[in-house]
Amino acid sequence: MERAAVFDVDGTLVDTNHLHVVTWWEAFRQAGHRVPMHAVHRAIGLGSDDLIAHVLGEDLDKDRDAGLSAAHKALYGQYFDRLPPLRDAGALLRRLHEDGWKVVLATSASGTELAALRRALDADEAITATASADDVEEGKPAPEPVEHALELAGVPAERAVFVGDTVWDMRAGTRAGVRCVGVLCGGIARSDLEEAGARAVYDGPAHLLATLEDSPLA
C-alpha cells in the first residue's frame, strides 16, 4: 500500500524562518508598526493574511494587508538566489522516495518563492507533488493544505506522516488526521511542538535521516 510523506518547507527543509522574521519585521516597520521580532517568529508558518492578523490583531484595517504582504515579498525576494537548504534535506526526500514513499510538499509559498525553495532543495526527482498557497482557501493551522497534499498523493490520512517545524504545522496535520513529526530547526521549542500534536521531534532533516528506521517514517 502506498504511503505519503508530507513536508512543510520553510524552516523544515530550507533554513528560511529567520529571513522571514527579519523581512516581515522590516515590512511592519516601513508601514509604521513597531513589533517585537519574537512575536513575528511565533507567527511564521501562517499565511500572509493570518500572520498579519496574528501580529497586529484582528481589528487592523484589512485594506493595508496587501501592502504589507507586497513589502515582505519584495524584501524576502532579495534572498531567492541563496536560500540555504537544511543539512541533508534533499537526501532525506530522496531516501524516502527510494523507500517507496510519495513525497509531497505542503507550503504557504507559491510562484517564484516556491520555485526558489525547490531550487534550494535540489530534489525535484523525489517530489511527487506540491500543495501551495494557490491551491487552498485556508492555510495552516486549518487542515486544508495537508488534506490537499493527501489528495494529490492519493493516500488516506492513516497512511501518511506530516513533518513540520511550527505549532501551526502540527495543528494542521492533527486536524487532517495524520501522524505529525516535528523538527526543531525552525526555532520552536520541543514542548510547544509536542503540545500541538507532534508524536516525535527531531533536531532537523539530518537527525531524522540518521534515525529514519526508528522513526514514524520507518
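The model shown is predicted, which means the values in this text are computed figures rather than measured ones. (Residues numbered from 1 in each chain as written. Predicted model: local features only at pLDDT ≥ 70, side-chain atom pairs only at ≥ 80, totals over all residues. Heavy atoms only, no water.)

A. Region of interest: the packing of helix α1 (residues 17-30) against helix α4 (residues 65-77). Relative orientation of the contacting elements α1 and α4 amounts to 135°, with a least axis distance of 8 Å. Classified by the angle their axes make, α1 and α4 are oblique. Crossing handedness for the pair α1 and α4: right-handed. Touching L19, H20, T23, W24, E26, A27, F28 and Q30 of α1 are L68, S69, A71, H72, L75 and Y76, all from α4. Looking at the contact of α1 with α4, its residues break down into eight nonpolar, five polar and one charged. (Axes fitted to C-alpha atoms, helices over the stretch in contact; angles between N-to-C directions. Helix = DSSP H or I, 4+ residues; strand = E, 2+ residues; numbered from the N terminus. Parallel < 35°, antiparallel > 145°, perpendicular 65-115°, else oblique. Left-handed = near helix turned anticlockwise from the far one by under 90°. Contact = heavy atoms within 4.5 Å. Nonpolar A, V, L, I, M, F, W, Y, C, P; charged D, E, K, R; others polar.)

B. The pairing of strand β5 (residues 179-183), seen in detail. The element β5 is largely enclosed, with a buried count of four among its five residues. Where strand β4 (residues 160-164) meets β5, four bridges bridge the pair, whose relative direction is parallel. Note that in β5 the partner of F162 across the bridge is C180. Traced from β4 through helix α8 (residues 167-175) to β5, the parallel crossover comes out right-handed. As defined by bridge partners, β5 adjoins strand β6 (residues 198-202) across four bridges and the pair is classed as parallel. In the sheet register, G182 faces β6, and the bridge partner there is V201. (Buried < 20%, exposed > 50% of the residue type's maximum accessible area, 1.4 Å probe, protein only. Pairing = 2+ DSSP bridges. Right-handed = clockwise from strand over helix to strand, strands pointing away.)

C. View of the sheet that holds β6. Ordered by their spatial adjacency, six strands build an open sheet running β3-β2-β1-β4-β5-β6, and the pairing between neighbours is parallel. Sheet topology places β3 (127-131) and β6 at the edges, where each strand pairs with a single neighbour. Taking each pair of neighbouring strands and ignoring which way they run, the sheet shows an average axis angle of 25°. Across the sheet, helix α5 (residues 89-98) lies against β1 (3-7), β2 (101-106) and β3, angled at about 140° from β2, the strand it touches most. Relative to the sheet, α8 contacts β4, β5 and β6, its axis offset from that of β5 by approximately 170°.

D. View of the pairing of β1. With respect to burial, β1 is a largely interior element, four of its five residues being buried. Across five bridges, β1 lies against β2 in parallel orientation. Of the residues in β2, the one forming a bridge with A4 is K102. Looking at chain direction, β1 and β4 are connected through four bridges and run parallel. By the bridge assignment for β4, A4 is matched with A160.

E. Fine view of unusual backbone geometry. Here the bond from K140 into P141 is cis, since omega is 15°, no more than 30 degrees from zero. At D88, a residue that is not glycine, the phi angle is positive and equals roughly 65°. Of note in the backbone geometry, D122 takes a positive phi value of approximately 55° without being a glycine. Tracing the sequence through the fold places D122 in the loop between α6 (111-121) and β3.

F. Broad picture of the pattern of salt bridges. All told, the structure shown has eleven salt bridges when counted by the stated rule. Between D8 and K140 there is a salt bridge, with its nearest N and O atoms 2.9 Å apart. Note that D8 is positioned in the loop between β1 and α1 and K140 in the loop between β3 and α7 (144-153), a separation of 132 residues in sequence. Take K140: its relative accessible area is 5%, and that puts it in the buried class. Across the pair R95 and E213 runs a salt bridge, and its minimum N-O distance is 4.0 Å. Residue R95 is located in helix α5, and its partner E213 is located in the segment after α10 (205-210); the two are separated by 118 residues in the primary sequence. Given a relative accessible area of 28%, R95 falls into the partly exposed group. (Salt bridge = Lys/Arg side-chain N within 4 Å of Asp/Glu carboxyl O.)

The quantities given are spatial measurements derived from coordinates; they are silent on function.
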